[in-house]
Every structure is written in C-alpha cells, then in structure tokens.
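What the coordinates show
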Amino acid sequence: MTKNKKLTTSWGAPVGDNQNSMTAGSRGPTLIQDVHLLEKLAHFNRERVPERVVHAKGAGAHGYFEVTNDVTKYTKAKFLSDVGKRTPLFARFSTVAGENGSADSVRDPRGFAVKFYTEDGNYDLVGNNTPVFFIRDAIKFPDFIHTQKRHPQTHLKNPNAVWDFWSLSPESLHQVTILMSDRGIPATYRHMHGFGSHTFKWVNEDGDGVWVKYHFKTEQGIKNLTEEVGTRIAGENPDYHTEDLFNAIENGDFPAWKVYVQIMPLEDANTYRFDPFDVTKTWSQKDYPLVEVGRMVLDKNPENYFAEVEQATFSPGTLVPGIDVSPDKMLQGRLFAYADAHRYRVGANHNALPINRPKNEVNNYQRDGQMRFDHNGGGSTYYEPNSLNGPSESSEDKQAAFPVSGVAESVSYDHNDHYTQAGDLYRLLSKDERERLVKNIVGAMEPVESEEIKLRQIGHFYKADPEYGTRIADSLGLKVPEEVK
Ligand code: NDP
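The following paragraphs examine the structure supplied in this document. (Residues numbered from 1 in each chain as written. Predicted model: local features only at pLDDT ≥ 70, side-chain atom pairs only at ≥ 80, totals over all residues. Heavy atoms only, no water.)

1. Considering the overall build of the chain
For clarity, the threshold we go by: Under the DSSP-based scheme used, a helix requires at least four consecutive residues in state H or I and a strand at least two consecutive residues in state E, with every element numbered from the N terminus. To get the radius of gyration, use the C-alpha atoms; to get the globule rule, take the number of residues to the power 0.38 and multiply by 2.2 Å. Burial classes follow relative accessibility: with a 1.4 Å probe on protein chains only, a residue under 20% of its type's maximum area counts as buried, one over 50% as exposed, and anything between as partly exposed. Only the protein chains shown count as cover for residues, with accessible areas throughout obtained via the Shrake-Rupley method and a probe of 1.4 Å. Only four residue types enter the charge count, namely Lys and Arg as positive and Asp and Glu as negative; His and the chain termini do not. In this description, the location of a charge corresponds to atom NZ of lysine, CZ of arginine, CG of aspartate or CD of glutamate.
Helix and strand counts for the chain stand at twelve helices and ten strands. For 485 residues, the compact-globule estimate of 2.2 N^0.38 gives 23 Å, and the chain sits close to it at 25 Å. Expressed as a percentage of the 485 residues in the chain, the buried residues total 47%. With an accessible surface of roughly 25,200 Å², the chain has 52% of that area assigned to carbon and sulfur atoms. Of the charged side chains in the chain, 56 are positive and 67 negative, and the gap between their average positions amounts to 4 Å.

2. Re the site of the ligand
This is how the line gets drawn: For this description, a residue counts as near a given molecule or strand if any of its non-hydrogen atoms is within 4 Å of it. Whenever a nitrogen or oxygen atom comes within 3.5 Å of another N or O atom, the pair is scored as a polar contact, on the condition that within protein one atom can donate a hydrogen and the other can accept it, and that pairs from neighbouring residues in sequence are kept only if both atoms are in side chains. Under the scheme applied, nonpolar residues are Ala, Val, Leu, Ile, Met, Phe, Trp, Tyr, Cys and Pro; charged residues are Asp, Glu, Lys and Arg; polar residues are all the others, including Gly.
Near the ligand you find 18 residues, and of these His-174, His-193, Trp-283, Ser-284 and Gln-285 are the closest. The separation between a nitrogen atom of the ligand and a polar side-chain atom of Ser-181 is 3.2 Å. One of the side-chain nitrogen or oxygen atoms of His-193 is found 2.6 Å away from an oxygen atom of the ligand. Against a free-state accessible area of 790 Å², the protein chains account for coverage of 80% of the ligand. Sorting the residues of the shell around the ligand by element identifies β7 (209–218) and α9 (420–428) as the ones contributing at least two each. When residues of the shell around the ligand are assigned to their parent elements, the largest contribution, four residues, is made by α9. Looking at side-chain class alone, the shell around the ligand contains five nonpolar, nine polar and four charged residues.

3. Section: the pairing of strand β8 (residues 256–265)
Definition in use: For two strands to be treated as a pair, DSSP must find at least two bridges joining them.
Summarising burial for β8: eight of the ten residues are buried, a large majority. Summarising the sheet, β7 and β8 pair through nine bridges and their orientation is antiparallel. The partner of Val-212 across the bridge, within β8, is Ile-263. Bridge count for β8 against strand β9 (residues 290–300) is seven bridges, and the pairing is antiparallel. Looking at the pairing, Trp-257 lines up with Met-296 of β9.

4. Thoughts on the side chain of Thr-9
Within the fold, Thr-9 resides in the segment before α1 (35–45). Here Thr-9 falls in the buried class, since its relative accessible area comes to 8%.

5. So, helix α2 (residues 141–148)
As a reminder of what qualifies: Note that the arc is defined by the directions from the helix axis to the C-beta atoms. Throughout, a residue-residue contact means that at least one pair of heavy atoms, one from each residue, lies within 4.5 Å.
By the burial criterion, the buried members of α2 are Phe-144, Ile-145, Thr-147 and Gln-148. Along α2, the residues classed as buried sweep out an arc of 155° about the axis, all on the same side. Buried residues belonging to α2 abut α3 (159–167).

6. Some details on the pattern of salt bridges
We count it as follows: By salt bridge we mean one thing: a side-chain nitrogen of Lys or Arg within 4 Å of a carboxyl oxygen of Asp or Glu.
Considering all chains together, one arrives at 33 salt bridges under this definition. Connected through salt bridges with shared partners, the residues Arg-434, Glu-435, Glu-467 and Arg-471 form a single ionic network.

7. Observations regarding the packing of aromatic side chains
Threshold: Here the aromatic set is Phe, Tyr and Trp, taking the six-membered ring for Trp, and pairing holds for ring centres within 6.5 Å; pairs whose planes are under 30 degrees apart are stacked, those over 60 apart are edge-to-face, and all others are tilted. Two thresholds decide whether a charge sits over a ring: the Lys NZ or Arg CZ must be within 6 Å of the ring centre and within 35 degrees of the ring normal.
Using the criterion set out here, one finds 28 aromatic pairs in the structure. Summarising the aromatic geometry, the rings of Phe-133 and Phe-144 are spaced 5.8 Å apart at their centres and angled 90° between planes, so their arrangement reads as edge-to-face. Placement of Phe-133 in the loop between β4 (121–128) and α2 and of Phe-144 in helix α2 is noted, with a sequence separation of eleven residues between them. Comparing Phe-133 with Phe-144, the two get one shared label, buried. Relative to Tyr-214, the ring of Trp-202 lies with its centre 6.0 Å away and its plane at 75°, an arrangement referred to as edge-to-face. Highlighted residues: Trp-202 in strand β6 (residues 200–203) and Tyr-214 in strand β7, separated in sequence by twelve residues. On the basis of relative accessible area, Tyr-214 is assigned to the buried category, the value being 6%. Aromatic ring contacts, followed pair by pair, group Phe-133, Phe-134, Phe-141, Phe-144, Trp-163, Phe-165, Trp-166, Tyr-426, Phe-461 and Tyr-468 into a single cluster. The side chain of Lys-115 reaches across the aromatic face of Phe-314, ending 5.2 Å from its centre. Lying over the aromatic face of Tyr-117, Lys-359 brings its terminal NZ or CZ to 4.2 Å of the ring centre.

Dropping the structure here:
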C-alpha cells in the first residue's frame, strides 16, 4: 500500500494536526501560537483576486490555430507565415455585465478572447461574439458599464439607466439590435461566432499595410436560446455554458472556428461610406468579402481554473510585428484600460505567470515588483544602453510609420448615421426573427418608468426602419413621435 504524502504547511513543514486547533485544554480559548491555523485562515481570506469589472464570469480552454490560407502578402506576422503552421493558444469566453457567479444564459454580449503564443511573443485578440459595440469612444465606457451594473442604492439591475443611456447614445442602436435578436443568448460558447470587432492594421515585409477586421465563424453552427429557455436555464444551471465547454472538450468533441479577415486598402478608409474605425459599424461583406486565414480548435481543458482562466490577462495592446492598431477611439482607450486592469487585478508581473508567459524567451530590463517569482533576470544586465551585450532592439520590428493629421481637440467621429446598419440588420431577419426581436425589446423596455425615455428610443428604432419602430411602439402601447416621422 502506498503511503499518503505528508501534509505540509505552505513553508513545507509537516503538519501534526489538521483537524483540531491548539487550545488551552478542550474547553479553553485558542492559542495564537497555532501558526498553522493562523496561516490557513489568513490565506483563505486572500483566495480571491478582484474580479474583472467587466467579463467577470467566464470559461476558457487551450487549443491551437492552424493557417489554412497564404496571407503573407498582407502581414509579416510569423504565426501566419506558412499554410499548415500551428500556434498554441488559450481562449476565454465570458458574459459582460454579470458578476463572477452570475448565470451564463443571459442576454448579454459574450467576450471572445484569444491569446496566441507565437514565436514573436504573445498576440491577444480580445473581441466579442458581435462585430460591433454599444459605444465608439472609450470616454463613455465607465458610464455605459455603470448602466449595465447595479443601482447604487437598491443594488438591483436598472432598466431605466440602461435605456436612458442607450436612447441618449444612438450609436448603440446597431449593437442593441444584435443583442435583442436571437443571437443575444447563444446556446453555448461553442455555438457563436467571434469577432475582433475593432479595425486593426496588418503590415507585410515591405512595410505595406491594409486595414483588417477578424471573423471567427463557428463550425458548430449558430444556435441560440430563446428568452424563455435562457431564463429557465439561468435558474436551473447558472453555469450552463461553462459546463458545456468543459464537457465537450473532455468528451473529445473539440469546438472549432474558421478564421477570416475582411481586408480594406488603407486609402479606402478616406472614402468608405461608413467610418471604418467606428466600432459601432460593420464593413459590408459585399464590399469587403471574407478572406480565409485559418482555423482555431480548442482541445484541452485547463487543469486549474484559477491559475489559467482567472489569471489569464488579455489586452488588445498585446501585439506582434505585422499587426498594429487603428485609430478606433474605443480600441485606443482599451490599449490602456486592459493592461491597467490586470496590473491592478493580478499584479505588475502578471505577464510572468505561466498562463500569460510567452513561449518564446523574454529579454528585457524590467526587474522586481510584487510577486516576482521567476529568476528576475538573475545577475544579467539590468539597464540600457549598456556595453555588456545586453538584449538590443531590432529596427526591422519597429511599428510601420503612419501619417497623422488634424487639429487636436475633443471631437466626435464625422459619420453619424447610426440607423442604416441597424435597419439593414432588421431587414435581413426573417419574419419570425423580427417577431422575437420586437418581443425581446418590448420585454426589456416595459419596466422602464419614463415615457420620455421609451419614446426617444422608439424614435431610434423608427429611424432604422419604420416598421421596426412602429411595432415596438404599438406593443408598448405608445405612438411613434411625430417629429421622428
Ligand atoms: P451580408 O448579407 O453580406 O452579411 C450579413 C451578416 O449578418 C452575416 O455575417 C450574417 O452572419 C449576419 N447575421 C445574420 N443574422 C444575424 C443576427 N441576428 N445578428 C447578427 N448578425 C447576423 O450583409 P452585410 O455585410 O452588408 O451586412 C448587413 C448587416 O448584417 C449589417 O448591417 C450588420 O448588422 C449585419 N452583420 C454584418 C457583418 C459584417 O461584418 N458585415 C457581421 C455580422 C452581422 P451569418 O453568416 O453567420 O448568418
């Protein structure tokens, strides 16, 4: 018979008793010298790191990306350099507004974040299951998320705040329409598409760039839950999507996505009918068709949820040579906010944790900081410039230069048509899909107390498509405001 390993304290000493604390006799008070008890209670108090302010509830898995089409004329990113090449990755899916223990099957966008461990460092694509977003300037993000969270007094969700903000931010209309459509509650994390959402820039070996948008198309097919089924499952099994992903992978039913990009020549950005950097808009696939890039497969569950899923830190600024950002104002804000959130949440050395550590060698002059648990560079050169052959920059990896122009001021996008694309989406839905869309919106707007807010929002739906606005007004027992017509 094999003997159990000895239980030890966190400093490695064998524990004599893990069931009874040390007391002054069987009825006496507990002794403070029972340091094993103190350490056990103190560590337990510190088990949680702050949950993510958004995307707190999530599930993740390991897998790989395989290139299936030659895109080297567009990007020099090494992980995209050869057809057939595989790159390991870690993906995390999440809801946005709920807390860490909230239900999975709610109406909410889903986070769709992928960390590619490339030979040139990590590349994070931190998108959603929707191609657009509610707002297009990061300065509105904290206010927007406040409306999705809880009321400061009642600690309840607040539909008044949600629709007040949306009705005063008409750029949200496109995303609101997607959210309220059938795709607003995916059946599982496996049955939804993923999007980079923002516009990014790809740059090739010659330094020539193109604008790109990423699409991950589910190979499992799109499947959704109706409002009624989603609500029921939220009560019966709040961890429904988390369980589904884990079990599918455990059973060898590996979910996969085909990865495409839309490609826009740089100069088109000046003339395209929508601002291509406005994250509330898509690029029509008729104008910029999908170009195949590869395939993402998830084939391995995490061994430890906290170490891998909770401590995974994604940031849209985690880029590799060949992939740059665009002037999308929402993306620009996220470049700061995501890495900053992780420094606060996980620590300054979050990139050194096993799940976040690049698989290639990291050589830089960053040292020390809380929880520096690796060798901290040992005795190697710790400053630059130096005459000690320390790691040095490689000018061929410099970001491609790009022109900027304009007068610096706090200014909106030039394009303010928030209605055409939301209307296009409404018009492409089938009769039944439209019916469910209207029903979902009406159900969500009914609890709003202010008629003014409802009428303002009805005006937006009407401007997207008169039928869309009229049906919602009728179902709410209201009239489309005359000035909108
Ligand atoms: P296309 O007809 O070429 O493409 C329509 C797109 O709409 C497809 O990607 C389709 O995805 C998607 N779609 C269908 N139903 C829904 C839904 N309920 N929620 C979200 N997406 C859905 O048209 P355009 O490219 O000209 O775009 C027309 C409208 O389609 C846009 O205004 C936008 O609202 C929506 N859309 C556009 C996307 C784009 O990148 N151009 C991406 C997603 C939506 P699928 O192939 O899986 O059915």
